[in-house]
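These are the residues of each chain, in order.
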Amino acid sequence: MSAKTLRRLREGALGYLLVLPALGAFGLFVFYPLVKTAYLGFFLAPPTPNLPSHYVGFHQYGQVLGSSEFVSDLGRTAFFVLLTVPTGIVVGLLLANLAHTKVPGIRAFRTIYSSTVATSTAVASVAFLTLLNPQIGVLSYLFGKAGGNGVLANPHWALPAVAMVTVWQNIGFTFILMSAALQSLPQEVLEAAKVDGASGSVRFRQIVLPLLSPILFFAAVIGVIGGFQSFGQIDLLTQGGPNHASLVLIYDIYQQAFQFNNPGYAAVLSIALFGILLVLTFVQFFFFQRRVSYASD
Amino acid sequence: MPATEASARRTRHLRLVVRYAVLIGAAAIVLFPIYITIVDALLTPQQITHRPPTLFPTDPQWNTFVTAFRQGSLGIYLRNSAIVTFAVVALEVTTSVLAAYAFVFLKFPARKILFFACLATLMVPGEATLIPNYQTINGLGLLNTFPSLILPFVASGIGIFLFRQAFLGFPPELRDAAQLDGCGHLKFLFRIVAPINRSVIAAFALFAFLSAWNQYLWPLVVTQTDSVRTVQIGLRQLSGANFSQFNVVFAGTILAALPIAILLLLFQRQLVAGLTAGAVKG
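Everything numeric in this text was worked out from a predicted model, so none of it was measured. (Residues numbered from 1 in each chain as written. Chains lettered and ligands numbered in written order. Predicted model: local features only at pLDDT ≥ 70, side-chain atom pairs only at ≥ 80, totals over all residues.)

Our focus in this paragraph is the overall build of chain B. Tallying secondary structure elements over chain B gives 15 helices and zero strands in all. Since a compact globule built from 282 residues should have a radius of gyration of about 19 Å, the 25 Å found for chain B marks it as more spread out than a globular shape. Here the C-alpha coordinates of chain B stretch approximately 75 × 75 × 35 Å along the principal axes. The 282 residues of chain B split such that 41% are buried. Across chain B, the fraction of contacts at a sequence separation of at least 24, relative to all contacts at a separation of at least 6, is 78%. (Helix = DSSP H or I, 4+ residues; strand = E, 2+ residues; numbered from the N terminus. Rg over C-alpha atoms; globule rule 2.2 N^0.38 Å. Buried ≥ 20, exposed ≤ 12 C-beta atoms within 10 Å, placed from the backbone. Contact = placed C-beta atoms within 7 Å.)

Here you go:
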């Protein structure tokens, strides 16, 4: 064997050795379980625990995905996304625009507006859980109690209240994203418009917004993906209640799998969620590639 | 002339005053929940239940924070979160750097397909793998242990993607020069490639830290006792407290957010890079 072939063999062996830890972990905790989830959907949970579950093929998929419960889950999830994503983007954009100026002390305001990135979903939710508590909560006091038991126990207000907490928690992230976008705008164009006498609101609507549209779209897609995956705030604030009013798809998955002992049912819902997120991720990847090519032009 | 100049100056001043008023108003709204949480943490349980609510602590109860730390097992939760987060970040950075190096600097069969497999993991959300992963961890007898909180997160598709992008920018002539000088691959990686790309690595590490620290669903599913519960799940335990302990819940909430707040104040610039990089995945 020549020295060159030997070197190539050794290089190849080293290559496999270096990718092995990552790929091994992916195989065990991403690819295998993904296939297994799809497979679990073929099995119906036994009527009582400890009995074997039995194989029903695609029957369970058809039944679960065609059920009115699944449609309701999707409807509530879509409502939650609708409540959080546009509001979040508008709030983030307004704050970024407000802080996009060079007055003394502006750095302090920027720090304050980005401060909610320090809060996790659990921190934000537990803080609001007590703030919205009908007996002791300052917010529930300001809101005027909202019907005795508070907003979180009210079927009409539970999901909007969870959405409000989510929007608040995400203010920091959207502010940072929108600020970075505003700072990347071509200053000459904005200056030229100013010289031409365009007012602030005209400049914002006719120049800034169109230039920002790619990043707004980006923020919307990751917002929708995040909305479908919002779990902690539901778990801490409403547990899907009252009376299923805030039972979004992911919370249904959790309850079916870990509280109702129905992994097959939960697996079908998981595959549905996976499909939805896959489409959204493709939209986002396609868009991100375009954004990169813009940047390198 | 002087009159119009004076009025122009007045308009400018007025505009500035209005801008500051709006800036302060917006800041007050954003900070209000945090402010009230801090205030309530410093009140006695009796003051918290008092109506109308107390908006300023006249007699701050600082020892509530000590109570929260001791009584609510918050110290243990924070320690557990620190252990899990540091382990996850260290492992994710290591496995990603090694894999990205191989994908850029080494030639081996199926290199492209394997890289594509790493990218494909970005499209699989944790929810789609939750139930089988729970079964795997349970089957290994690892439920309610630190490894159960760490193992599923030892590799990161975003990390590999970002590091590969960064390494691709490395001039090939330099690699050849290093090789001529007898510099082996591992030495080249740890002495030259990794140090040069430290800002990308730091940005990713910060992003990985935030995601690991804020994990909720997985730790909820695999932990059963306080000895391994992370601080996010610990907060869930705390939130079930009764009225007499609400001040402790508020203090616990502040303490749980504090490490991240400090980290973010220290690394504000890397945070922007890390968050926008992480936003690729969402």
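Past the structure itself, the notes keep going.
What follows is about the overall build of chain A. Secondary structure summary: chain A contains twelve helices and two strands in total. If you list the helices and strands of chain A from N to C, you get α-β-β-α-α-α-α-α-α-α-α-α-α-α. Projected onto its principal axes, the C-alpha coordinates of chain A cover approximately 80 × 75 × 30 Å. In chain A, which comprises 297 residues, the share counted as buried stands at 42%. Sequence-distant contacts, at least 24 apart, represent 66% of the contacts inside chain A between residues at least 6 apart.

Okay, the interface of chain B and chain A next. With 72 residues of chain B at the interface, the matching set in chain A holds 74 residues. A total of eleven residues in the side of chain B that touches chain A trace back to one element, the largest contributor, which is helix α1 (residues 2–42) of chain B. Partitioning the side of chain B that touches chain A into residue classes produces 51 nonpolar, 15 polar and six charged. (Nonpolar A, V, L, I, M, F, W, Y, C, P; charged D, E, K, R; others polar.)

In the predicted model, chain A carries a mean pLDDT of 86, and the fraction of residues at 70 or more is 94%. Contacts for the low-pLDDT stretch residues 292–297 of chain A, under 50 throughout, to residues beyond four places or in other chains number zero contacts. (pLDDT = per-residue confidence, 0-100.)

Here G105(A) is to be found in the loop between α3 (68–99) and α4 (106–114). Separated by 67 residues in sequence, G105(A) and A38(A) place their C-alpha atoms 55 Å apart.

Judged by nonpolar contacts, the single largest core of 158 residues is most densely connected at A22(A), L269(A), L273(A), A99(B), A100(B) and Y101(B). Looking at this core, you find at least three residues from each of domain 1 (2–61) and domain 2 (65–278) of chain B. For A100(B), the contacting residues outside a window of four places in its chain are I160(B), F163(B), R164(B) and F167(B). (Core = buried A, V, L, I, M, F, W, Y, C linked by C-beta atoms within 7 Å. Domains from an automatic or database assignment.)

This next bit is on the domain arrangement of chain B. Residues and elements named next belong to chain B. Here chain B is partitioned into domain 1 (2–61) and domain 2 (65–278). Summarising the inter-unit geometry, the C-alpha centres of domain 1 and domain 2 are found 37 Å apart. Across the contact, ten residues belong to domain 1 and eight residues belong to domain 2. For the side of domain 1 that touches domain 2, the elements supplying multiple residues, two or more each, are α1 and α2 (45–49). Here the side of domain 1 that touches domain 2 gets four residues from one element, more than from any other, and that element is α1. The residue makeup of the side of domain 1 that touches domain 2, split by class, is five nonpolar, four polar and one charged.

Residue and element names in this part refer to chain A. In contact at an axis separation of 10 Å, helix α5 (residues 121–131) and helix α7 (residues 158–183) are set at 130° when each is read in the N-to-C sense. Judged by the inter-axis angle, α5 sits oblique to α7. For the crossing formed where α5 meets α7, the hand is right-handed. Side by side, α5 and α7 meet where T121, A124, S125 and F128 of the first sit next to V165, W168 and Q169 of the second. (Axes fitted to C-alpha atoms, helices over the stretch in contact; angles between N-to-C directions. Parallel < 35°, antiparallel > 145°, perpendicular 65-115°, else oblique. Left-handed = near helix turned anticlockwise from the far one by under 90°.)

A word on helix α10 (residues 185–196) of chain B. Helix length check: α10(B) (twelve residues) gives 15 Å between terminal C-alpha atoms against 16 Å at 1.5 Å per residue, within 8%. Listed in full, the buried residues belonging to α10(B) are H185(B), L189(B) and V193(B). For α10(B), the arc enclosing every buried residue in end-on projection is 45°, short of the 170-degree limit, so these residues lie on one face. Facing away from the buried side of α10(B) by over 90 degrees, the exposed positions are K187(B), F190(B), R191(B) and P195(B). Check the buried side of α10(B) and you find it contacts α1 (3–40) of chain A together with α4 (74–105) and α8 (157–168) of chain B. (Expected span 1.5 Å × (residues − 1). Arc of directions from axis to C-beta.)

Our focus in this paragraph is the packing of α1(A) against α4(B). Orientation of α1(A) relative to α4(B), taken along the N-to-C sense of each, is 135°, at an axis distance of 8 Å. With respect to α4(B), the element α1(A) is oriented oblique. Crossing hand, α1(A) versus α4(B): left-handed. Residues G15(A), L18(A), V19(A), P21(A), A22(A) and A25(A) of α1(A) form the contact with α4(B), whose participating residues are T95(B), S96(B), L98(B), A99(B), Y101(B) and A102(B). The residue makeup of the contact of α1(A) with α4(B), split by class, is nine nonpolar, three polar and no charged.

The residue Q239(A) is not glycine, and still its phi comes out positive at about 50°. Checked against the element boundaries, Q239(A) lands in the loop between α10 (232–237) and α11 (249–258).

Moving on, we get to the confidence of the model for chain B. Residue and element names in this part refer to chain B. The share of residues in chain B with pLDDT of 70 or more is 94%, and the mean pLDDT across the chain is 87. Scored below 50 in pLDDT, residues 278–282 shows twelve contacts in the model against residues more than four places distant or in partner chains. This complex was scored by the predictor with a pTM of 0.88 and an ipTM of 0.87.

This part is about the environment of A99(B). Following the sequence through the fold, A99(B) ends up in helix α4. For the pair formed by A99(B) and L114(B), sequence separation is 15 residues and the distance between their alpha carbons is 9.9 Å. Every residue in contact with A99(B), bar those within four places of it in the chain, is listed here: L18(A), V19(A), A22(A), C118(B) and I160(B).

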